[in-house]
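A closer look at the structure
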Protein chains: 2
Amino acid sequence: MKAEIITIGDEILIGQIIDTNSAWIANELNLIGIEVGRMISIADQADEIIQAISDSFQRADAIIMTGGLGPTTDDKTKQVLCDYFQTRLVFDEDAYKDVEKFFRERHLEVNEINRQQAMLPENAINFPNPMGTARGMWFTKDGKHLFSLPGVPYEMKAIMQQSVLPELKKLSGSQYIFHKTIMTVGIGEAFLAEKIHLWETDLPSFIKLAYLPSPGLVRLRLSAKGNHPEIVQNAVMQKVKELEKIIPEYIYGFDDEPLEKVVGDILKDKGKTLCTAESCTGGYISHLITSIPGSSNYFKGSVIAYSNEIKANILKVDENLLKEYGAVSQQVVEAMAKNTHQLLQSDYSIAVSGIAGPDGGTPEKPVGYVWIAVADAQTCKSEAFHFGNQRMQNIQRTALSALNMLRLMLINA
Amino acid sequence: MKAEIITIGDEILIGQIIDTNSAWIANELNLIGIEVGRMISIADQADEIIQAISDSFQRADAIIMTGGLGPTTDDKTKQVLCDYFQTRLVFDEDAYKDVEKFFRERHLEVNEINRQQAMLPENAINFPNPMGTARGMWFTKDGKHLFSLPGVPYEMKAIMQQSVLPELKKLSGSQYIFHKTIMTVGIGEAFLAEKIHLWETDLPSFIKLAYLPSPGLVRLRLSAKGNHPEIVQNAVMQKVKELEKIIPEYIYGFDDEPLEKVVGDILKDKGKTLCTAESCTGGYISHLITSIPGSSNYFKGSVIAYSNEIKANILKVDENLLKEYGAVSQQVVEAMAKNTHQLLQSDYSIAVSGIAGPDGGTPEKPVGYVWIAVADAQTCKSEAFHFGNQRMQNIQRTALSALNMLRLMLINA
């Protein structure tokens, strides 16, 4: 079965919001063996919507459409779909009860605008929205399917998981798709390509390889298709095993597992705790670590020492070190790691200090120059990095490099 | 002039990466009066690429295409474009010099894979890539234009800004598009719609309104088109002024300005400093604040007190308060705000404590229950919130609510 994804919204076409729905939907469809042929973003206009649906139905068996279902007047999709599928909007008692319940739980009254959410197409199946008031809709025509969902990501996801994906699973055929992603850190795309060139040349023709670089990481994705899940999976996993022997030092995990989760899992397994002392990353490392559910089991906290005062007064970094070597130096970052470790009574610590930019660079210490230290009770390891001139990228690369230094310290401990 | 954006990459279609390039490109095109009709994501396959280009050229005058230009073997776009535009790849001396320079600066040798980046189409203009090795390309056919750019966002942006946008500006016609976005915080979409209903009904037909909700915020976007920039702008700004009189308490800024930037600007203007004490947000507020260049002028730092130990030992929150009321309570969050404020010697402080989830909720204090306090030398204001059951959303909403409480304290000071 082949599907296409259509996202509706002028806000997407003028670049005001980034379409994150399509990626989430595509990932879920792949997991149930449905391939996504195209993703299309169009304006919230009747002719555009109708044209895009007709085009997609030429190529695909199913369309997942998001957006345009809000209660406000700029959303036109519901009426347009009724026109296309030759039906009309009728008042739905169940849907209205849900709208009432949604507002009652929030101690609010239903207004006239919200009441419109209970007007639904007569000849379509509609699905409850556990997170909001716009229901999902399932239209069928000439053996093709269109699922229309609200554009708010958590509402769309809730309806997909509860109603649409189970229905699609029943509709989809037997072709099996298997993806395996190998997560690497600490090596650039072209150098990685050179190191694994022979392995790559040796891939069977039904396994495809993609390089997916992002600041600080390269993901390697293997994709294979076939009718027998076991054969497809075994062939891919065989190649993964080979790769693990070729580049063991660069592989930190699989399948989009974040580095902060891998590091957290190792800490949890070892029953050890962590804290951070951050200057240039301004809390980003701490944020990454605490974005993982359950991180309070191993993460104690941080001192974000954005000013030198805090480095001296709270982290007790010797003021002479700060004066003599500057805040971005091996001496200061090692003192930060060692002192924070004791101050916050943790088994391990990460400390970073650098020049994130765009200002603050000097000829000796340009923007992108960063010192990172990781410490346990016995040892402190530090390293200098030269990143680029983009503030957010420098923050991201510093965080990933720091987490990777800690990972290596943990697995070699 | 009308454009379409085509992004190439299997990694987009299987949902492994989110396409952020299209939004950025659309925003830049709009600023120079070029409308984006569609955004399309397709597979890295010759027939798909050719079909998508032919389709887009039926509807639009220009195509901006990203992706598929990497040095690795899964990227096929360059050869496909040569076939479509009936030209061939030739070795480009200048491009090769740039590739060599790129690697020399990184103390690396050029390998054979990287050398391929200097093979470029004979009948296309190529543009230098200041951030990488894949050049941009400009093909022309029957008065239509195709610009092909690498998919790595910072490389694509660098080539767009340096070369493509200046060329497109010359090509584009005179129709003018004006967008103005009003940023609101503290009120939901439907309630906002009700409050501004009369104002909305009264909009002239050439001004369109869109509601753009995201966790904690609703953006209102006005869009107008016309031939006379001054008339279009004046009409929109008149409506903005009216709106400012209707909902002054909810408007914090304009044009996608982040709340953390608005708060930072107020602090800078007043010459005041800020610190945070974060529990459930785990450094996210500090990260938002420090994502703004120049934030070191007003932001001193944070204590991320993820464990109660740190709340007691570092922030000196009375252990009896923690025992009697629990970490998520008015008493504790106010103590955190007042003590951090003194400890980090700042004029203002933000403190948060809550249950981000998915675990840790109780019947009295469910997941999503959060206390926030803001303090200056004289006063401390605190408030409880009930957010939802999504961890990342709870972290985001807590951060935005906290920043808004500080904003209100600052402008009323």
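Keep in mind the model is a prediction, meaning the values are calculated, not measured.

**A closer look at the overall build of chain A**
A count of helices and strands for chain A gives 16 helices and 17 strands. For chain A, the C-alpha atoms occupy an extent of roughly 80 × 60 × 40 Å along the three principal directions. By residue count, 58% of the 413 residues in chain A fall in the buried class. Relative to all contacts within chain A whose residues are 6 or more apart in sequence, the contacts with residues 24 or more apart total 66%. Surface exposure of chain A reaches about 17000 Å², of which carbon and sulfur atoms provide 49%. Separation between the mean location of the 40 positive side-chain charges and that of the 51 negative ones in chain A comes to 4 Å.

**Section: the interface of chain A and chain B**
How big an interface is tends to be stated in terms of accessible area lost as the parts join. Taken together, the contacts link 95 residues of chain A with 95 residues of chain B. Between chain A and chain B, roughly 7200 Å² of surface is buried when both sides are summed, and carbon and sulfur atoms account for 55% of that area. Summed over the three residues of chain A that lose the most area to chain B, namely Ile14(A), Gln16(A) and Arg38(A), the buried surface amounts to 9% of that side. The tally of links between chain A and chain B comes to 8 salt bridges.

**Section: helix H15 (residues 330-343) of chain A**
Residues and elements named next belong to chain A. With 14 residues, H15 extends 20 Å from end C-alpha to end C-alpha; this agrees with the ideal 20 Å at 1.5 Å per step. Every buried residue belonging to H15 is among Val332, Val333, Glu334, Ala335, Met336, Ala337, Thr340 and His341, and all of these are buried. Buried residues belonging to H15 abut strand S13 (274-278), helix H13 (308-313), helix H14 (319-325), strand S15 (348-354), strand S16 (369-375) and strand S17 (380-386).

**Section: the relation of the copies chain A and chain B**
Each copy superposes on the other: chain A lies on chain B with an RMSD of 0.1 Å after a rotation of 180° and an axial shift of 0.0 Å. Each copy turns onto its partner about a two-fold axis.

**Considering unusual backbone geometry**
Residues and elements named next belong to chain A. The linkage connecting glycine 357 with the following residue, proline 358, adopts the cis geometry, with an omega of 0°. Among the structural elements, proline 358 can be located in the loop between S15 and S16. In this structure, glutamine 345 is a non-glycine residue whose phi angle is positive, near 45°. Within the secondary structure, glutamine 345 sits in the loop between H15 and S15.

**Focus on helix H7 (residues 153-171) of chain A**
Residue and element names in this part refer to chain A. Of all the bends found along H7, the most pronounced is centred on methionine 160 and spans about 50°. Within the span of H7, buried status applies to Glu155, Met156, Ala158, Ile159, Met160, Ser163, Val164, Leu165 and Leu168. Buried-residue contacts for H7 involve helix H2 (21-31), strand S3 (62-66), strand S6 (125-127), strand S7 (136-141) and strand S8 (144-149).

**Considering the pairing of S3(A)**
Residues and elements named next belong to chain A. Across the 5 residues of S3, 5 count as buried, placing the element largely inside the fold. The alternating pattern of S3 places Ala62, Ile64 and Thr66 on one face and Ile63 and Met65 on the opposite face, and all of these are buried. Both strand S1 (residues 2-8) and S3 contribute to a ladder of 5 bridges, which runs parallel. For isoleucine 5, the partnering residue across the bridge sits in S3 and is isoleucine 64. Across 5 bridges, S3 lies against S8 in parallel orientation. What sits directly across from alanine 62, in S8, is histidine 145.

**Quick word on the environment of Ser172(B)**
Residue and element names in this part refer to chain B. Here serine 172 is to be found in the loop between helix H7 (153-171) and strand S9 (176-185). When the C-alpha positions of serine 172 and tyrosine 154 are compared, they lie 24 Å apart, and in sequence the two are 18 residues distant. Discounting chain neighbours no more than four positions away, the residues touching serine 172 are Met1, Ile32 and Ile34. A distance of 3.4 Å separates the side chain of serine 172 from the backbone oxygen of lysine 169, its partner in a polar contact.

**Brief notes about the packing of aromatic side chains**
Applying the stated criterion across every chain, the model contains 22 aromatic pairs over all chains. Ring centres of Phe191(A) and Phe103(B) lie 6.0 Å apart, and the angle between their planes is 65°; this geometry places the pair in the edge-to-face category. In this pair, Phe191(A) is assigned in helix H8 (residues 189-195) and Phe103(B) in helix H5 (residues 93-105), connecting two distinct chains. Given a relative accessible area of 4%, Phe103(B) falls into the buried group. Residues Phe385(A) and Phe387(A) carry aromatic rings whose centres are separated by 5.4 Å and whose planes lie at 10° to one another, so their mutual orientation is stacked. According to the relative accessible area criterion, Phe385(A) is buried, its value standing at 15%. Three or more aromatic residues joined by ring pairs make a cluster, and in this case those are Tyr84(A), Phe85(A) and Phe139(A). Cation over ring: Lys141(A) sits above Tyr84(A), and NZ or CZ is 4.4 Å from the ring centre.

**Description of the sheet that holds S9(B)**
Residues and elements named next belong to chain B. One open sheet holds the 4 strands; their spatial order is S10-S11-S9-S12, and the pairing between them is antiparallel. Either end of the sheet is taken by a strand with one partner, and the two such strands are strand S10 (207-214) and strand S12 (251-254). If you compare each strand with its neighbour and ignore which way they point, the axes differ by 20° on average.

**Thoughts on the pairing of S15(A)**
All names here are of chain A. Burial analysis of S15 places 7 of its 7 residues in the buried class, the great majority of the element. Residues Tyr348, Ile350, Val352 and Gly354 point to one face of S15 and Ser349, Ala351 and Ser353 to the other, with burial holding for every one of them. Pairing of S15 with S16, which is carried by 6 bridges, proceeds in the antiparallel orientation. Across the sheet, alanine 351 pairs through a bridge with alanine 373, a residue of S16.

**Details of the packing of helix H3 (residues 46-59) of chain B against helix H4 (residues 77-84) of chain B**
Residues and elements named next belong to chain B. As a packed pair, H3 and H4 sit with axes 10 Å apart at the nearest point and diverge in direction by 55°. Taken together, H3 and H4 sit at an angle that is classed as oblique. You can see that H3 and H4 cross each other, and the crossing is right-handed. Contacts between H3 and H4 involve Ala46, Ile49, Ile50, Ile53, Ser54 and Phe57 from the former and Thr77, Val80, Leu81 and Tyr84 from the latter. Residues of the contact of H3 with H4, tallied by class, amount to 8 nonpolar, 2 polar and no charged.

**Considering the pattern of salt bridges**
This model, assessed by the stated rule, comprises 32 salt bridges over all chains. The partner of Glu48(B) in a salt bridge is Arg38(A), with the nearest N and O atoms 3.7 Å apart. Placement of the pair is Glu48(B) in helix H3 and Arg38(A) in strand S2 (residues 35-42), with the two residues belonging to separate chains. For Arg38(A), a relative accessible area of 4% puts it in the buried group.

Conventions used here
Residues numbered from 1 in each chain as written. Chains lettered and ligands numbered in written order. Predicted model: local features only at pLDDT ≥ 70, side-chain atom pairs only at ≥ 80, totals over all residues. Heavy atoms only, no water. Helix = DSSP H or I, 4+ residues; strand = E, 2+ residues; numbered from the N terminus. Buried < 20%, exposed > 50% of the residue type's maximum accessible area, 1.4 Å probe, protein only. Contact = heavy atoms within 4.5 Å. Areas by Shrake-Rupley, 256 points an atom, 1.4 Å probe, with all protein chains shown as cover. Lys, Arg positive; Asp, Glu negative; His and termini not counted. Charge placed at Lys NZ, Arg CZ, Asp CG, Glu CD. Buried area = accessible area lost by both parts, 1.4 Å probe. Salt bridge = Lys/Arg side-chain N within 4 Å of Asp/Glu carboxyl O. Expected span 1.5 Å × (residues − 1). Least-squares fit on C-alpha atoms with pLDDT ≥ 70 in both. Bend = angle between axes of the 7 residues up to and from the residue. Pairing = 2+ DSSP bridges. Polar contact = N/O pair within 3.5 Å; in protein donor to acceptor, adjacent residues only side chain to side chain. Phe/Tyr/Trp six-rings, centres within 6.5 Å; stacked < 30°, edge-to-face > 60°. Lys NZ or Arg CZ within 6 Å of the ring centre and 35° of its normal. Axes fitted to C-alpha atoms, helices over the stretch in contact; angles between N-to-C directions. Parallel < 35°, antiparallel > 145°, perpendicular 65-115°, else oblique. Left-handed = near helix turned anticlockwise from the far one by under 90°. Nonpolar A, V, L, I, M, F, W, Y, C, P; charged D, E, K, R; others polar.

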